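# Survey of secondary and tertiary structure
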Amino acid sequence: EADIYQTPRYLVIGTGKKITLECSQTMGHDKMYWYQQDPGMELHLIHYSYGVNSTEKGDLSSESTVSRIRTEHFPLTLESARPSHTSQYLCASSGGQEILNEQFFGPGTRLTVL
Amino acid sequence: QKEVEQNSGPLSVPEGAIASLNCTYSDRGSQSFFWYRQYSGKSPELIMSIYSNGDKEDGRFTAQLNKASQYVSLLIRDSQPSDSATYLCAVGGSARQLTFGSGTQLTVLP
């Protein structure tokens, strides 16, 4: 079944740790996105990729980095986690004609940095 | 002025009523329009997409688009308590990204 997956779903970690949030999709989509969303607040685009070896920063400045070595995989890394990174991180993907632009979201990773 | 604005909530309607959610956008070149539903603590779920002027119906949901007025709306007929969620309007333009509104929280009262 075509889907988009995120792991872990929940992560509690101490300050200074390096973490990688995983995102994979089996939808055959070329475009992938990372959003950050605090509870009850707006979605903020932090990274996006239009294909392998293509990554760009989004509207919201983020200390995280991403990579796109395989079409289906778009991990996000925080080199040194801080309490300010506590948030929900949502991965999305999109494919097909660009005018359609439908994005489908994974279940999200809720990150808490102590 | 924000690029995508939604009517400020929260919005409460009684069960069985019609809920009306509104969204305006500033980029006249926008070509694709979406409504997402987001339950508390969950990720957004795409429920409607619309690309041309007029109405598009899917079950109890109707999306309405008026490009001249730069306005898109979502009507939910026969509202159910399970419709209680935050509804996000998203607009796509020439860029391959979506611009999201801040959302309208809907509560359907039993």
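This one's a predicted model, so the numbers in the text were calculated from it and none came from an experiment. Here, residues in each chain are numbered from 1, in the same order as that chain's written sequence. As a convention, the first chain written is A and the first ligand written is 1, with the rest following in written order. In keeping with the model being predicted, local features are shown solely for residues with a pLDDT of at least 70 and side-chain atom pairs are shown and tallied solely at 80 or more, while totals for entire chains, interfaces and linings include all residues. Based on all heavy atoms of the structure, the side-chain values leave hydrogens and waters out of the count.

### Some points on the overall build of chain B
The following threshold applies: Counting from the N terminus, the helices are the DSSP runs of H or I reaching at least four residues and the strands are the DSSP runs of E reaching at least two. The buried label goes to any residue with under 20% of its type's maximum accessible area, the exposed label to any with over 50%, and the partly exposed label to all in between, with areas taken from a 1.4 Å probe on protein chains only. Contacts were defined at the residue level, with two residues in contact if any of their heavy atoms lie within 4.5 Å.
Each helix and strand counted, chain B has 0 helices and 11 strands in total. Along chain B, helices (α) and strands (β) appear in the sequence β-β-β-β-β-β-β-β-β-β-β when read from the amino end. Each of the three principal axes of chain B carries a C-alpha extent, and together these read 40 × 30 × 20 Å. In chain B, which comprises 110 residues, the proportion classed as buried is 44%. Long-range contacts, defined as pairs at least 24 residues apart, comprise 52% of the intrachain contacts of chain B with a sequence gap of at least 6.

### Remarks on the state of the cysteines
Residues and elements named next belong to chain A. What counts, and what does not: Throughout, a disulfide means two cysteine sulfur atoms within 2.5 Å of one another.
One pass over the structure, following the stated rule, counts 2 disulfides over all chains. The disulfide that involves C23 links it to C91, with 1.9 Å between the sulfurs. Residues C23 and C91 are joined through a disulfide that is left-handed, its torsion about the S-S bond being -75°. Highlighted residues: C23 in strand 3 (residues 19–25) and C91 in strand 9 (residues 87–94), separated in sequence by 68 residues. Comparing C23 with C91 shows no difference in burial state: the two are buried.

### Some thoughts on the nonpolar core
Note the threshold: Definition of nonpolar core: a set of buried residues of the types Ala, Val, Leu, Ile, Met, Phe, Trp, Tyr and Cys, connected through side-chain atoms within 4.5 Å.
Counting 23 residues, the largest nonpolar core has B:W35, B:V72, B:L74, B:I76 and B:Y87 as the members making the most contacts within it. Counting only elements with at least two residues in this core, the list comes to strand 3 (19–25), strand 4 (32–38), strand 5 (45–50), strand 7 (61–66), strand 8 (71–76), strand 9 (85–92) and strand 11 (104–109) of chain B. Within the second largest apolar cluster, 17 residues are counted, among which are A:F74, A:L78, A:C91 and A:V113.

### Section: the confidence of the model for chain B
Applied cut-off: pLDDT gives the predictor's per-residue confidence on a scale running from 0 to 100.
With 96% of its residues at a pLDDT of 70 or more, chain B has an overall mean of 93. Mean pLDDT values for the elements of chain B range from 91 in strand 10 (residues 98–100) of chain B up to 98 in strand 7 of chain B.

### Structural notes on the pairing of strand 6 (residues 54–58) of chain B
Short version of the rule: Criterion used throughout: strands pair if DSSP finds at least two bridges between them.
In this sheet, strand 7 of chain B lies alongside strand 6 of chain B in antiparallel orientation, the contact comprising 5 bridges. Bridge pairing in strand 7 of chain B places B:K56 opposite B:A63.

### Quick word on the sheet that holds strand 8 of chain B
Residues and elements named next belong to chain B. Formally: Here, axes are lines fitted to C-alpha atoms. For helices the fit covers the stretch in contact, and angles between N-to-C directions go from 0 to 180 degrees.
In space, the 5 strands of this open sheet follow the order 1-3-8-7-6, with antiparallel pairing throughout. Both edges of this open sheet fall to strand 1 (4–6) and strand 6, since each of them pairs with a single strand only. Each neighbouring strand pair of the sheet contributes to a mean axis angle of 20°, computed without reference to strand direction. Of the pairings in the sheet, the one linking strand 7 to strand 8 comprises 6 bridges and is antiparallel in character. Bridge pairing links L65 to V72 in strand 8.

### Points about the environment of B:M48
Residue and element names in this part refer to chain B. Residue position: M48 is located in strand 5. Put simply, M48 and A85 are 37 residues apart on the chain and 15 Å apart in space, counted from C-alpha to C-alpha. Once residues lying within four places of it in the same chain are set aside, the contact partners of M48 are F33, F34, W35, K56, D58, F61, T62, A63 and L74.

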